[in-house]
There are 2 protein chains.
Amino acid sequence: MSYNEEMYALGAKRSVIREIFEYSKKRAAEIGAQNVFDFSLGNPSVEPPAAISDTVMALVQKEGIHGYTSAQGDPTVRARIADHIRARHGVPITPDLIYMTCGAAASLAITLRALLHKGEECVVFAPFFTEYRVFVENAGGTLTVCAPLEKTFQVDVADLAKKLTPNTKAVILNSPNNPSGVVYSTDTVRGICDVLRQKSAEFGHPIYLIADEPYRELVYGEVEVPYLMKEYAHTVVCYSYSKSLSLPGERIGYIAVCPDMPDANDLYLAICGAGRSLGYVCAPALFQHLIAAHVDTTVDISHYRENRDLLLQALTSYGYECVRPDGAFYLFVKALESDANAFCERARAHELLLVPCDDFGVTGYVRIAYCVDRSRIERALPAFRALADEYRR
Amino acid sequence: MSYNEEMYALGAKRSVIREIFEYSKKRAAEIGAQNVFDFSLGNPSVEPPAAISDTVMALVQKEGIHGYTSAQGDPTVRARIADHIRARHGVPITPDLIYMTCGAAASLAITLRALLHKGEECVVFAPFFTEYRVFVENAGGTLTVCAPLEKTFQVDVADLAKKLTPNTKAVILNSPNNPSGVVYSTDTVRGICDVLRQKSAEFGHPIYLIADEPYRELVYGEVEVPYLMKEYAHTVVCYSYSKSLSLPGERIGYIAVCPDMPDANDLYLAICGAGRSLGYVCAPALFQHLIAAHVDTTVDISHYRENRDLLLQALTSYGYECVRPDGAFYLFVKALESDANAFCERARAHELLLVPCDDFGVTGYVRIAYCVDRSRIERALPAFRALADEYRR
């Protein structure tokens, strides 16, 4: 092979989710989309708020709207986001610590490239989004995985303390969590931050906390999602509007550097450099301007909550063991045999497309993305029941 | 510094163009935008065709329009682009060799990451777009610069033959050229391809030709821009709609792999892997769908041609030595002293913002981006004349 083998392997393998996504389209063409129960992709089923298309239609009439913005993003857009963070979370961030990105994946890839030296470690908490490994490795780093607590799937803080080494540069925390739907409690978060502070002092250099927050707005009930900048100075927030505004294909989000960090402005420059290095010129301009008008807007999440309640109740009644999700739009379910891949194969025979979670760092579990039409869940329930019955036979 | 020093350096230094861009905004706030003659940035002054906003307004009403597409891009969009390439250039490309990207910078960063191994060389032709160095280095490679022919600024094919080594993986050709405006002639292109074939045979592995083509549609008069896929099998085209449709802020373009390449499908997979690795999930969805409706649309380039004619005639009459640009929207002008940076400083005293081309690999020249309102050129002409007079005194 005359080109890069690692890139070929990444492209040839694909993420397990993308692989199912492609299978699903093929299968839908064969038997009709209504007969394929695809729960694989986190593609929001709730349309963006109506105000979004009104704003797009107004913006597109404006002269120069499609021009380049500054590499770090339009200053007015960044000012509105800084205002929002100040008002909502009480963190005195300034626009010059906000860097607009092409969504959460770009936010993470850029932040990791800005932080890591070759060979440094990044710690993640299982279950974790599979692409973390890809972005950490692209930045020259290695991934260290912490085990979750049983049943609750909260972080095992004692395990974290053992996994941190003088070579650890960063920790990624994703809450509400993909794929478990778990929201890490304030106690858990404070426990993590205490350990990070203690180990940073012990090692003589900061360990950065990367808050991967695309699901922040998708929380059901009175559950609080602690804002990490208020808990830990060396925090970098990677945010995306993909889920909060149902715009996943438009690739729009931001990186925010905690103003309490002693060298926040310098890290921000490293983020600018990393964005440049990875080929990002600016985040899509039209959608940057759209965000400025909608920093306080969120999709109606009642649809997701009702989906969650329906699925959780039904699957539990069929005998599935589910982790109760307080946020995101994923249900984390124990497979009915130890091998989640084999279980997903058997589910596929019922046209149920589920994601085995081995690549997320937890064996024996599957992810069900319930960001789908209610009718898909209703049509799929007999298949879930039949699958459970099959295992009981 | 606890984070990555190279990324900090890239962010702290900024590209010279971005630096002037930021200065320009600051200066405009001080003395009024109409008094700053900013010719620094390739931000198209011609608005997109009216049909573009009509299409956006129609698309934004469609359900699911903002959803994820396949990582490589929506299949319908890729089919339309393949049709366009087949019809226009006679190359029998298929949609599965087209990969949608966030613009030309992303196309290049991804292609280089897919091709290069650590320490391999990429050859560029001076003058060359400064960010090539950044993308090559991000891919672990090193940059080799070929000198241009004097006066014409065509490629010195003999110099290329000398610069290719067994360690050369790729060559980037940018025509119409940024910053010179030169279109490489068919003779030049065939000379390059002959040398590449000869050296590939000699070294026993292919040298890839990367065609960086954001300016393909911006050509004035009866000048032909050879289509490299027809000349050389190991060609990868990096295209962008930033200039052809005046959508630079929207970040939309594609990579196309030449179907004549023996392992085209495998290289395509490496490109998919590289995109994933750099944090690209999919190209912006709304603008992908927009492109499908407008693959044959181009902005009205008569404005640029008239700007070129006006500037070229006026500056030549003031005594400036200009390279005649047949394409793009840049005028490449010999500085009136040997140090182009010093010249640009003196131009700045006349509120003329020009780009010194040292970073483009040619000393003693400046770039004038004439993708601006006619009135800016008209207001600036006395300043250009005064600057020339100053050097005559």
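Residues numbered from 1 in each chain as written. Chains lettered and ligands numbered in written order. Predicted model: local features only at pLDDT ≥ 70, side-chain atom pairs only at ≥ 80, totals over all residues. Heavy atoms only, no water.

Engineer: Before we go on, may I ask you to explain the relation of the copies chain B and chain A in this structure?
Structural biologist: What relates the two chain copies is a rotation about an axis together with a slide along it. Taken as rigid bodies, chain B and chain A are interconverted by a rotation of 180 degrees and an axial shift of 0.0 Å, the fit giving an RMSD of 0.0 Å. In short, the pair behaves as if placed about a two-fold rotation axis. Looking at chain B, 100% of its interface residues are interface residues in chain A too, so the copies touch through the same face. (Least-squares fit on C-alpha atoms with pLDDT ≥ 70 in both. Contact = heavy atoms within 4.5 Å.)

Engineer: Would you mind going over helix 9 (residues 264-277) of chain B with me for this structure?
Structural biologist: Residues and elements named next belong to chain B. With 14 residues, helix 9 extends 20 Å between its outermost C-alpha atoms, agreeing within 8% with the 20 Å of an ideal straight helix rising 1.5 Å per residue. With 11 of its 14 residues buried, helix 9 lies for the most part within the structure. Taken together, the buried positions of helix 9 are occupied by A264, L267, Y268, A270, I271, C272, G273, A274, G275, R276 and S277. With its phi angle positive at about 95 degrees, G279 sits one or two positions after the end of helix 9. (Helix = DSSP H or I, 4+ residues; strand = E, 2+ residues; numbered from the N terminus. Expected span 1.5 Å × (residues − 1). Buried < 20%, exposed > 50% of the residue type's maximum accessible area, 1.4 Å probe, protein only.)

Engineer: Help me out: how do you make sense of unusual backbone geometry in this one?
Structural biologist: It is generally the case that most residues other than glycine have a negative phi and that most peptide bonds are trans. In this structure, the amide linkage connecting N178 of chain A to the following residue, P179 of chain A, adopts the cis form with an omega of 20 degrees. Locating P179 of chain A in the fold gives a position in the loop between strand 5 (168-174) and helix 8 (186-203). For the bond running from A126 of chain B to P127 of chain B, omega is -5 degrees, close enough to zero to count as cis. With respect to the helices and strands, P127 of chain B occurs in the loop between strand 3 (121-125) and helix 6 (131-138).

Engineer: For this particular structure, what's the right way to read the sheet that holds strand 12 (residues 355-356) of chain A?
Structural biologist: Paired through backbone hydrogen bonds, the strands of a sheet run either parallel or antiparallel to each other. All names here are of chain A. Sheet architecture is open: 4 strands sit in the order 9-10-13-12, paired in antiparallel fashion. Looking at the sheet topology across the chains shown, the edges are occupied by strand 9 (322-323) and strand 12. By the bridge criterion, 2 bridges tie strand 9 to strand 10 (residues 330-334) in an arrangement that is antiparallel. Residue pairing in the sheet places C322 in a bridge with V333 of strand 10. (Pairing = 2+ DSSP bridges.)

Engineer: I would appreciate a short explanation of the pattern of salt bridges in the present structure.
Structural biologist: Pairing of side chains with opposite charge becomes possible as their charged atoms draw close. A full pass over the atoms with the stated rule returns 43 salt bridges over all chains. Of the charged contacts, one joins R27 of chain A and E351 of chain A as a salt bridge, the two residues approaching to 2.7 Å between their closest N and O atoms. With R27 of chain A in helix 2 (residues 16-31) and E351 of chain A in the loop between helix 12 (340-349) and strand 11 (352-353), the pair connects residues that are 324 residues apart, well separated along the chain. For K151 of chain B, the salt bridge identified is with E321 of chain B, shortest N-O distance 3.5 Å. Taken as a pair, K151 of chain B in the loop between strand 4 (142-146) and helix 7 (157-163) and E321 of chain B in the loop between helix 11 (302-317) and strand 9 (322-323) lie far apart in primary sequence, 170 residues in all. (Salt bridge = Lys/Arg side-chain N within 4 Å of Asp/Glu carboxyl O.)

Engineer: Mind showing me how you'd approach the sheet that holds strand 2 (residues 98-101) of chain A here?
Structural biologist: Residue and element names in this part refer to chain A. The strand order 2-8-7-6-5-3-4 describes an open sheet built from 7 strands, whose pairing is mixed. The open sheet has two free edges, formed respectively by strand 2 and strand 4 (142-146), since each of these has just one partner strand. Neighbour-to-neighbour, the strand axes of this sheet turn through a mean angle of 20 degrees, independent of strand direction. Alignment of strand 3 (residues 121-125) against strand 5, held across 4 bridges, turns out to be parallel. Bridged to V123 within strand 5 is V171. (Axes fitted to C-alpha atoms, helices over the stretch in contact; angles between N-to-C directions.)

Engineer: Help me understand the pairing of strand 2 of chain A, please; the structure alone is not making it clear to me.
Structural biologist: Two faces belong to every sheet, and in a regular strand the side chains alternate between them. Residues and elements named next belong to chain A. Across the two faces of strand 2 the burial is the same, with I98 and M100 and Y99 and T101 all buried. In this structure, strand 2 lies alongside strand 8 (residues 253-257), joined through 4 bridges in antiparallel fashion. Residue pairing across strands places T101 opposite G253, the latter belonging to strand 8.

Engineer: Teacher, can you tell me more about helix 6 (residues 131-138) of chain A here?
Structural biologist: Residue pairs spaced three or four apart in an α-helix point in one direction, given the helix's 3.6 residues per turn. Residue and element names in this part refer to chain A. Of all 8 residues that make up helix 6, 6 are buried, and the element is covered over most of its length. Of the residues making up helix 6, those classed as buried are E131, Y132, V134, F135, V136 and N138. Just downstream of helix 6, G140 is the residue with a positive phi angle, here 90 degrees.

Engineer: Whenever I open this one, the side chain of R367 of chain A confuses me. Can you help?
Structural biologist: Residue and element names in this part refer to chain A. Mapped onto the elements of the fold, R367 is located in strand 13 (residues 365-369). Although R367 is buried, it makes no salt bridge; D38 carries the closest opposite charge, 8.2 Å away. A polar side-chain atom of R367 sits 2.6 Å from the main-chain carbonyl oxygen of S40. (Lys, Arg positive; Asp, Glu negative; His and termini not counted. Polar contact = N/O pair within 3.5 Å; in protein donor to acceptor, adjacent residues only side chain to side chain.)

Engineer: What should I look at first to understand the packing of helix 5 (residues 103-115) of chain A against helix 6 of chain A in this one?
Structural biologist: The relative placement of two packed helices comes down to the angle between their axes together with the axis-to-axis distance. Residues and elements named next belong to chain A. Look at helix 5 against helix 6: their axes get within 8 Å of each other, and the N-to-C directions meet at 35 degrees. Both helix 5 and helix 6 take part in a crossing whose hand is right-handed. Between helix 5 and helix 6, the contacting residues are A105, L108, A109 and L112 on the first element and Y132, F135 and V136 on the second. In terms of residue class, the contact of helix 5 with helix 6 is made up of 7 nonpolar, no polar and no charged. (Left-handed = near helix turned anticlockwise from the far one by under 90°. Nonpolar A, V, L, I, M, F, W, Y, C, P; charged D, E, K, R; others polar.)

Engineer: Can you help me understand the interface of chain B and chain A in this one?
Structural biologist: Put simply, an interface is often sized by how much accessible area is lost when its parts join up. Taken together, the contact between chain B and chain A spans 80 residues of the former and 80 residues of the latter. Together, Y3, Y68 and R276 of chain B form the three largest contributors to the area buried by chain B at its contact with chain A, with a combined 14%. At the surface where chain B touches chain A, the tally comes to 2 salt bridges. Put simply, E131 of chain A and R276 of chain B hold a salt bridge, and the shortest N to O gap is 2.8 Å. (Buried area = accessible area lost by both parts, 1.4 Å probe.)

Engineer: Could you clarify how one ought to interpret the packing of aromatic side chains in this entry?
Structural biologist: Working definition: an aromatic ring pair is given by the centre-to-centre distance plus the angle between the planes. What the rule picks out here adds up to 33 aromatic pairs over all chains. Consider the rings of F329 of chain A and Y330 of chain A, whose centres lie 5.2 Å apart with planes at 75 degrees: the pair is edge-to-face. Assigned by exposure class, F329 of chain A and Y330 of chain A land together as buried. Relative to Y132 of chain B, the ring of F128 of chain B lies with its centre 6.3 Å away and its plane at 15 degrees, an arrangement referred to as stacked. Considered together, F128 of chain B and Y132 of chain B belong to a single accessibility category, that of buried residues. The ring of Y391 of chain B has R346 of chain B lying over it, and the distance from NZ or CZ to the ring centre is 4.1 Å. In this structure, R348 of chain B is placed above the aromatic ring of Y23 of chain B, and the distance from its NZ or CZ to the ring centre is 4.0 Å. (Phe/Tyr/Trp six-rings, centres within 6.5 Å; stacked < 30°, edge-to-face > 60°. Lys NZ or Arg CZ within 6 Å of the ring centre and 35° of its normal.)

Engineer: Is there a simple way to think about the nonpolar core in this case?
Structural biologist: In summary, soluble globular proteins display a tendency toward joint burial of nonpolar side chains. Counting 228 residues, the largest nonpolar core has I81 and L267 of chain A together with I81 and L267 of chain B as its most contacted members. Apart from the residues lying within four places of it in its own chain, the contact partners of I81 of chain B are I98, M100, Y241, Y254, I291 and V295 of chain B. Listed in part, the 41 residues of the second largest apolar core include A335, C344, I377 and L381 of chain A. (Core = buried A, V, L, I, M, F, W, Y, C linked by side-chain atoms within 4.5 Å.)

Engineer: Is there a simple way to think about the environment of P248 of chain A in this case?
Structural biologist: Tracing the chain through its elements places P248 of chain A in the loop between strand 7 (235-240) and strand 8. The class for P248 of chain A is buried, based on a relative accessible area of 1%. Taking the C-alpha atoms as reference, P248 of chain A lies 6.9 Å from N43 of chain A; in sequence the two are 205 residues apart. Sequence-distant contacts of P248 of chain A, that is, excluding residues within four places in its chain, are made with N43, P44 and S242 of chain A together with H66, G67 and Y68 of chain B.

Engineer: Is there a simple way to explain the state of the cysteines in this structure?
Structural biologist: Here, disulfide denotes a covalent bond that connects the sulfur atoms of two cysteines. Residue and element names in this part refer to chain B. One pass over the structure, following the stated rule, counts 0 disulfides over all chains. No disulfide involves C272; its sulfur sits 13 Å from that of C282, the nearest cysteine. Overall, C272 belongs to the buried group, its relative accessible area being 10%. (Disulfide = S-S within 2.5 Å.)

Engineer: Looking at this model, I keep getting lost on the pairing of strand 3 of chain B. Mind explaining?
Structural biologist: Residues and elements named next belong to chain B. Burial runs high along strand 3: 5 of the 5 residues are buried. Here strand 3 shows a buried face lined by E121, V123 and F125 and a second buried face lined by C122 and V124. Judged from the 5 bridges that link them, strand 3 and strand 4 form a sheet pairing that is parallel. If you follow C122 over to strand 4, its bridge partner there is L143.

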